[in-house]
Amino acid sequence: MFNQTVKQFTHIVLASQVIIFCALYYYSFEGTPKLKKLLPKEVRHFEFEKSRTDVLSANPKLVLLKEESFRWVYGLELQDSKISTVVLYFGKSSNEPLYEIIVNYKDAADMEIDANALLGKPNYKGNEWKFYGKASAPLHAWVYRNKIVYAMPLPGTEWYENGKSTL
């Protein structure tokens, strides 16, 4: 009877190890967060790498704040939200991609709460974040005063020089 109990216990341990291995294997692929889920819900409809014309046609309330030699800067004021404004940077390369989103919070405490909830513990350069997804480049994020800045180093943007990211 003792041998049979040991055999059953061994089978249970082996089966649980197989299940754990399968779960870890699965999450190694699916565990990468969807990049949209890293953004506050109020701005998830903006898509990195989308062209300026596509973003503007889907968001007619965006206002051109300034045109610089290397980028277009658009803004959007939000009502009834802990977020006051959103600023979008579009590159001036051929398709003018959305490469940076700056989320301005009314209160720095709300920003800290969202940064912790959305991004988790910093995983890059001490106090920044870096995430990989299905996009052509990783998404970088950092906080500054009452802002969460999300940037993707795309070719033709300020965060991409000489064939590589400057972030």
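Residues numbered from 1 in each chain as written. Predicted model: local features only at pLDDT ≥ 70, side-chain atom pairs only at ≥ 80, totals over all residues. Heavy atoms only, no water.

Taking 1.5 Å of rise per residue, 12 residues should cover 16 Å, and helix H3 (residues 108-119) covers 16 Å from first to last C-alpha, within 8% of that figure. Taken residue by residue, H3 has Met111, Asp114, Ala115, Leu118 and Leu119 as its buried positions. The buried side chains of H3 occupy one side of the element, clustering within an arc of 105 degrees when seen end-on. For H3, the exposed residues lying more than 90 degrees away from the buried face are Ile113 and Ala117. On its buried face, H3 is in contact with strand E4 (98-105), strand E5 (129-131), strand E6 (139-144) and strand E7 (147-151). Between the side-chain oxygen at the start of H3 and the backbone nitrogen of alanine 109 there is a gap of 2.6 Å, and the oxygen is on aspartate 107. (Helix = DSSP H or I, 4+ residues; strand = E, 2+ residues; numbered from the N terminus. Expected span 1.5 Å × (residues − 1). Buried < 20%, exposed > 50% of the residue type's maximum accessible area, 1.4 Å probe, protein only. Arc of directions from axis to C-beta. Contact = heavy atoms within 4.5 Å. Polar contact = N/O pair within 3.5 Å; in protein donor to acceptor, adjacent residues only side chain to side chain.)

A contiguous patch of positive charge, built from Lys34, Lys37, Arg44 and Lys134, is present on the exposed surface. Along the chain, the position of arginine 44 falls in the loop between helix H1 (2-30) and helix H2 (52-58). Classification of arginine 44 as partly exposed rests on a relative accessible area of 30%. (Patch = residues over 30% accessible without salt bridge, like charges linked within 9 Å, V, L, I, M, F, W, Y side chains within 5 Å. Areas by Shrake-Rupley, 256 points an atom, 1.4 Å probe, with all protein chains shown as cover. Salt bridge = Lys/Arg side-chain N within 4 Å of Asp/Glu carboxyl O. Lys, Arg positive; Asp, Glu negative; His and termini not counted. Charge placed at Lys NZ, Arg CZ, Asp CG, Glu CD.)

For the rest of this paragraph, the subject is the pattern of salt bridges. Taken as a whole and judged by the stated rule, the model has eight salt bridges. The structure contains a network of salt bridges with shared partners spanning Lys66, Glu68, Arg71 and Glu158.

With 80% of its residues at a pLDDT of 70 or more, the protein has an overall mean of 86. Every residue in residues 20-32 scores below 50 in pLDDT, and together they form three contacts with partners more than four places removed in sequence or on other chains. (pLDDT = per-residue confidence, 0-100.)

If you look at the biggest cluster of nonpolar residues, it comprises 43 residues, and the most contacted ones within it are Phe46, Val86, Leu88, Ile101, Leu119 and Tyr150. Looking at this core, the elements with two or more residues in it are strand E2 (71-77), strand E3 (83-91), E4, H3, E5, E6 and E7. (Core = buried A, V, L, I, M, F, W, Y, C linked by side-chain atoms within 4.5 Å.)

Moving on, we get to the environment of asparagine 127. Structurally, the position occupied by asparagine 127 is in the loop between H3 and E5. Here the alpha-carbon distance between asparagine 127 and tryptophan 142, two residues 15 residues apart in the chain, equals 7.1 Å.

What follows is about the pairing of E2. Sheet faces and side chains relate simply in a regular strand, where the side chains alternate between the two faces. Of all seven residues that make up E2, six are buried, and the element is covered over most of its length. Summarising the sheet, strand E1 (residues 63-67) and E2 pair through four bridges and their orientation is antiparallel. Note on E2: the bridge partner recorded for leucine 64 is tyrosine 74. Linking E1 back to E2 in an antiparallel pair, the connection comprises three residues. The pairing of E2 with E3 spans seven bridges and is classified as antiparallel. (Pairing = 2+ DSSP bridges.)

This paragraph deals with the side chain of glutamate 68. For glutamate 68, the location among the structural elements is in the loop between E1 and E2. At 3.4 Å, the side chain of glutamate 68 forms a polar contact with the side chain of lysine 66. Side chain to side chain, glutamate 68 and arginine 71 meet in a polar contact 2.4 Å long. Contact partners of glutamate 68, with chain neighbours within four places excluded, come to Val73 and Lys92.

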